[in-house]
Amino acid sequence: MQERITTAGILIQDGKYLVAKREEKGSIGGLWEFPGGKNRYTETEEETLKREFQEELGLSISVGPLIHTHDFTNKDTLYHLKAYLVSAPPIGHLDLLVHSEFRWVALEDLPSYEFAPSDQEIVKTLLSVEPSQG
């Protein structure tokens, strides 16, 4: 079984979390997620997050501490999901290139969104220990 690292960026502004809904295609089409994506083999996890936020949302970010990690299997690949706190300048506009919409969601409202299975574990971690605003 091959192994890959995949990343998620937890962006908090004004006490709300950025979540994005995948376009209606692929295995997680129509589900909500924390933006991020698969690591390219030459990249650090920080580089992966910066590239994914730029590619998917047209957003430049800074990457902070690792706040969650877990493993899951999808299509014969073992993924090591690593979620980091990220920061960005105040956001007015996002380019939605692989998402149909985005929202700023209060922590207590995250469980009411239908997240991709891998990101449901991140929600559980966020609810158990609210990260400090960086």
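Quantities reported herein were computed from a predicted structural model and do not represent experimental measurements.

Undergrad: Help me get a handle on the pattern of salt bridges, residues and values and all.
TA: Following the criterion strictly, the structure yields 9 salt bridges and no others. Its salt-bridge partner being R40, residue E55 comes within 3.5 Å of it at the nearest N-O pair. On the criterion of sequence distance, the pair formed by E55 in helix α1 (residues 45–57) and R40 in the loop between β3 (32–33) and α1 is long-range, its members being 15 residues apart. E55 gets classed as partly exposed once you look at its relative accessible area, which sits at 37%. Among the ionic pairs, E43 bridges to R51, the shortest N-O distance being 2.6 Å.

Undergrad: Explain the packing of aromatic side chains to me, and be specific about the residues and the numbers.
TA: Counted under the stated rule, the structure contains 3 aromatic pairs. Seen in terms of ring centroids, W32 and Y113 are 5.1 Å apart; in terms of plane orientation they differ by 85°. Their pairing is edge-to-face. Residue W32 is found in strand β3, and its partner Y113 is found in the loop between β6 (99–106) and α2 (117–128); the two are separated by 81 residues along the sequence. We classify W32 as buried; its relative accessible area is 6%.

Undergrad: How would you explain α1 if you had to name every residue and give the values?
TA: Between the first and last C-alpha of α1 there are 18 Å, a value that for 13 residues agrees with the 18 Å anticipated at 1.5 Å per step. Those residues of α1 lying buried are E45, T48, L49, R51, E52, F53, E56 and L57. Those residues of α1 hidden inside the fold are in contact with β1 (2–13), β2 (16–22), β3, β4 (62–74), β5 (77–87) and β6. The first or second residue beyond α1 is G58, which carries a positive phi of 65°.

Undergrad: Any details on the nonpolar core? Residues and values, ideally.
TA: Core analysis: the largest hydrophobic core is formed by 18 residues, its most contacted members being I10, F34, L110, F115, I122 and L126. When contributions to this core are tallied by element, the ones reaching two or more residues are β1, β2, β5 and α2. Sequence-distant contacts of F115, defined by excluding residues within four places in its chain, comprise V19, L31, W32, E33, F34, L110, Q120 and V123.

Undergrad: Residue-level account of unusual backbone geometry, with values.
TA: Here D14, not a glycine, exhibits a phi torsion of approximately 50°, which is positive. Structurally, D14 is set in the loop between β1 and β2. For D14, a relative accessible area of 81% corresponds to the exposed category. A positive phi is found at D76, a non-glycine position, where the angle reads about 65°. Secondary-structure assignment places D76 in the loop between β4 and β5.

Definitions and limits used
- Residues numbered from 1 in each chain as written.
- Predicted model: local features only at pLDDT ≥ 70, side-chain atom pairs only at ≥ 80, totals over all residues.
- Heavy atoms only, no water.
- Salt bridge = Lys/Arg side-chain N within 4 Å of Asp/Glu carboxyl O.
- Helix = DSSP H or I, 4+ residues; strand = E, 2+ residues; numbered from the N terminus.
- Buried < 20%, exposed > 50% of the residue type's maximum accessible area, 1.4 Å probe, protein only.
- Phe/Tyr/Trp six-rings, centres within 6.5 Å; stacked < 30°, edge-to-face > 60°.
- Expected span 1.5 Å × (residues − 1).
- Contact = heavy atoms within 4.5 Å.
- Core = buried A, V, L, I, M, F, W, Y, C linked by side-chain atoms within 4.5 Å.

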